[in-house]
Amino acid sequence: MTYTPHKPPIAESPEELRRRIPGWGVDLDPRDRPSVPKLQFQEDFTGAHWEFPERQPEKYPRERSVEHGMLTPVFGTAQPLSGVSGAIRRHAYRYAEGRMAHWLLLVLGDRVDAWEHHLKSLLTLRPDNPITETGVKAEFTHHGLRSRVGQHRTDLKHQVLDPVIVGGPWIAAAGAAYVGARSMARSLARVGSDGRRPVH
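Not measured: the values here are computed from a predicted model. Every chain begins its residue count from 1, and numbering advances along the sequence as written. Selection of residues for local features in this predicted model requires a pLDDT of at least 70, selection of side-chain atom pairs for listing and counting requires 80 or more, and totals for whole chains, interfaces and linings are taken over all residues. Only heavy atoms go into the side-chain values, all of them from the structure, while hydrogens and water stay out.

### Section: the confidence of the model for the chain
Right, on to step 1. What pLDDT conveys is the predictor's confidence in a given residue, as a value from 0 to 100. Summary statistics for the chain give a mean pLDDT of 81 and a share of 88% for residues scoring 70 or more.
Right, on to step 2. Only runs of H or I of at least four residues qualify as helices and only runs of E of at least two qualify as strands under DSSP, and these elements are numbered from the N terminus. For the chain, helix H4 (residues 130-133) is the element with the lowest average pLDDT, namely 77, and helix H2 (residues 83-92) is the one with the highest, namely 93.

Laid out in structure tokens, this is it:
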């Protein structure tokens, strides 16, 4: 059973694995391990002092991969799911980890979460600054071009897309806000011009 000190059975014997995989089990013998004799072995257990680890209290429903029969005994609680991004991430766990849909939904949830926080920052006294917080300013003040040219970097191929990926959403959001404000101003102007003259 998972999470118990008992060693789970392997699909193939050590001899079969050695024949199939060169170098497999090179440190299987405790005498061949650098940690011996400091590391003490128990032949029938892994060395855990518990039969089953104490379960962490689940204060709210946590997402679980379909490959697991139960929630892991210990899990993170630092970033609880919330909002639209949380719904997307929960939906991702309906798919197995071997499915592309699982990971694409998690990436989408991450992007939606970022924009949820961007929008929340507009309601504070210190909203997000896309110039300083996306690294655009550092490109001009900390030798951005010189750090790329002639350095044999492997990420040069996608750097053409970096400005689009980083700045594109901000430009699109600014354009949408401009179009919305302009449409609202026209609607208000139209309502004002169609109004009746006050009766004296």
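Additional details are given in the paragraphs that follow.
### Things to note about the pattern of salt bridges
Right, on to step 1. Think of a salt bridge as a Lys or Arg side-chain nitrogen and an Asp or Glu carboxyl oxygen that are within 4 Å of each other. Taken as a whole and judged by the stated rule, the model has 4 salt bridges.
Right, on to step 2. In this structure, Asp-110 and Arg-89 form a salt bridge, with 3.8 Å as the shortest nitrogen-oxygen distance. Of the two residues, Asp-110 sits in helix H3 (residues 100-121) while Arg-89 sits in helix H2, which places them 21 residues apart along the sequence.
Right, on to step 3. Take Arg-89: its relative accessible area is 18%, and that puts it in the buried class.
Right, on to step 4. Taken together, the shared-partner salt bridges connect Arg-89, Asp-110 and Arg-111 into one network. Under the scheme applied here, a residue whose accessible area is under 20% of the maximum for its type counts as buried, over 50% as exposed, and between as partly exposed, the area being computed with a 1.4 Å probe on protein chains only.

### Focus: a nonpolar patch on the surface
Right, on to step 1. Every patch collects residues that have over 30% relative accessible area and no salt bridge, joining them within 9 Å if they carry like charges and within 5 Å if they are nonpolar side chains (Val, Leu, Ile, Met, Phe, Trp, Tyr). Reported accessibility uses the Shrake-Rupley method at a 1.4 Å probe radius. Residues are deemed covered only where the shown protein chains occlude them. Taken together, the side chains of Leu-161, Val-164, Ile-165 and Val-166 present a nonpolar region at the surface, about 360 Å² in accessible area.
Right, on to step 2. Looking at the element boundaries, Leu-161 is found in the loop between helix H5 (136-141) and helix H6 (162-193).
Right, on to step 3. Among the residues examined, Leu-161 registers a relative accessible area of 49% and is labelled partly exposed.

### Observations regarding the environment of Glu-63
Right, on to step 1. Structurally, the position occupied by Glu-63 is in the loop between helix H1 (14-20) and H2.
Right, on to step 2. Along the sequence, Glu-63 and His-91 sit 28 residues apart, while their C-alpha atoms lie 9.1 Å from each other.
Right, on to step 3. Throughout, a contact is declared for two residues whenever any of their heavy atoms are within 4.5 Å. Here Glu-63 is in contact with Leu-71, Leu-81 and Tyr-93, once residues within four sequence places are set aside.
Right, on to step 4. For the purposes of these results, a polar contact is taken to be a pair of N or O atoms within 3.5 Å, where, inside protein, one atom must be able to donate a hydrogen and its partner to accept one; residues adjacent in sequence count only when each atom of the pair is a side-chain atom. Here the side chain of Glu-63 touches Arg-62 through a polar contact of 2.5 Å, side chain to side chain.

### Description of the environment of Ser-82
Right, on to step 1. Mapped onto the elements, Ser-82 comes out in the loop between H1 and H2.
Right, on to step 2. The class of Ser-82 is partly exposed, set by a relative accessible area of 38%.

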